[in-house]
Amino acid sequence: MSEGGKTARSDLWGGAGWVVFGLVIVIGSIRMERFESMGAQLYTMPGFVPGMIGGVVALLGLVLMLRGWTRRAHEAATDAATPVEPLLNRRIGITMALTLVYAGLLIGRAPFWLVTALFVAAFVAVFTPTDTTPTRRATVALLAGLLTSAVVTLVFEQVFLVRLP
């Protein structure tokens, strides 16, 4: 197994997932209303930016898959006796659970800034290295949650003029 638990297999599968996700975004953006009848140009069409972002996500997924493919032969030669870790491990399960609670249960039921601060704080607290003292872990998690929430809320409401839930 490689440094940090990353394997060629996880790079291949993860890259494939990002390619599919990026392509779904591109397809969704192509299917959006273009408002050509109202004189919209290519760069002002609603799906332009999401389509570009989806394309970049798909491209980076391909790069990740290429990295996995090139590492595959090296790992096969050096780590033949190493057991294979499952793709859905504990960290991914925790990430999915936190994200689903945040997006599925909390957004819209409580102020956005509070929910986002709690989500980021919980995420940081869970994934802070285990050798960190509990006081430092809590302090860093709370600061990260509050600062992230404040910046996101400020940027979206004051710069982009988007009203958050």
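Residues numbered from 1 in each chain as written. Predicted model: local features only at pLDDT ≥ 70, side-chain atom pairs only at ≥ 80, totals over all residues. Heavy atoms only, no water.

1. Some details on a nonpolar patch on the surface
Piece 1. Taken together, the side chains of Val56, Leu59, Leu60, Leu62 and Val63 define a hydrophobic patch exposed on the protein surface, amounting to about 480 Å² of accessible area.
Piece 2. Checked against the element boundaries, Leu62 lands in helix α2 (residues 48–78).
Piece 3. A relative accessible area of 47% places Leu62 in the partly exposed class. (Patch = residues over 30% accessible without salt bridge, like charges linked within 9 Å, V, L, I, M, F, W, Y side chains within 5 Å. Areas by Shrake-Rupley, 256 points an atom, 1.4 Å probe, with all protein chains shown as cover. Salt bridge = Lys/Arg side-chain N within 4 Å of Asp/Glu carboxyl O. Helix = DSSP H or I, 4+ residues; strand = E, 2+ residues; numbered from the N terminus. Buried < 20%, exposed > 50% of the residue type's maximum accessible area, 1.4 Å probe, protein only.)

2. What about the packing of helix α4 (residues 112–127) against helix α5 (residues 134–159)?
Piece 1. Two numbers describe how α4 lies on α5: the axes approach to 7 Å, and their chain directions differ by 145°. Remark: the crossing between α4 and α5 carries right-handed chirality. The segment α4 lies against α5, with Phe112, Trp113, Leu114, Thr116, Ala117, Val120, Ala121, Val124, Ala125 and Val126 engaging Arg137, Val140, Ala141, Leu142, Ala144, Gly145, Leu146, Thr148, Ser149, Val152 and Thr153.
Piece 2. When the residues that make up the contact of α4 with α5 are grouped by side-chain class, the tally is 15 nonpolar, five polar and one charged. (Axes fitted to C-alpha atoms, helices over the stretch in contact; angles between N-to-C directions. Left-handed = near helix turned anticlockwise from the far one by under 90°. Contact = heavy atoms within 4.5 Å. Nonpolar A, V, L, I, M, F, W, Y, C, P; charged D, E, K, R; others polar.)

3. Remarks on helix α3 (residues 90–106)
Piece 1. End to end, α3 covers 23 Å across 17 residues, agreeing with the expected 24 Å (1.5 Å per residue, within 8%).
Piece 2. Positive phi shows up at Gly108, right after α3, with a value of about 95°. (Expected span 1.5 Å × (residues − 1).)

4. Some details on the pattern of salt bridges
Piece 1. Following the criterion strictly, the structure yields two salt bridges and no others.
Piece 2. In this structure, Arg67 engages Asp11 in a salt bridge whose closest nitrogen and oxygen atoms are separated by 2.9 Å. One end of the pair, Arg67, is in helix α2; the other, Asp11, is in helix α1 (residues 8–31), with 56 residues separating them in the sequence.
Piece 3. Under the relative-accessibility criterion, Arg67 is labelled partly exposed at 38%.
Piece 4. Between Asp11 and Arg71 there is a salt bridge whose closest N-O contact spans 2.5 Å. Taken together, the positions of Asp11 in helix α1 and Arg71 in helix α2 put the pair 60 residues apart, joining distant regions of the chain.
Piece 5. Of the residues examined, Arg71 reaches a relative accessible area of 18% and is grouped as buried.
Piece 6. Each of the salt bridges in this network shares a partner with another, and the network as a whole consists of Asp11, Arg67 and Arg71.

5. Brief notes about the nonpolar core
Piece 1. In this structure, Tyr102, Phe112, Val115, Phe119, Val120 and Leu164 together form the largest nonpolar core, which totals six residues.
Piece 2. Of the residues forming this core, the biggest block, four residues, is contributed by α4. (Core = buried A, V, L, I, M, F, W, Y, C linked by side-chain atoms within 4.5 Å.)

6. A look at the side chain of Thr153
Piece 1. Within the element layout of this structure, Thr153 appears in helix α5.
Piece 2. Each residue touching Thr153, except ones within four places of it in the same chain, is listed here: Phe112, Trp113, Gln158 and Leu164.

7. Remarks on the packing of aromatic side chains
Piece 1. Tallying each qualifying case throughout the model produces four aromatic pairs.
Piece 2. Consider the rings of Trp18 and Phe21, whose centres lie 5.9 Å apart with planes at 75°: the pair is edge-to-face. Here Trp18 pairs with Phe21, and both are found in helix α1, just three residues apart, close to one helical turn.
Piece 3. Here Trp18 falls in the partly exposed class, since its relative accessible area comes to 45%.
Piece 4. Ring centres 4.8 Å apart and planes at 55° place the aromatic pair Phe123 and Phe127 in the tilted group. In this pair, Phe123 and Phe127 both sit in helix α4, four residues apart, roughly one turn of the helix. (Phe/Tyr/Trp six-rings, centres within 6.5 Å; stacked < 30°, edge-to-face > 60°.)

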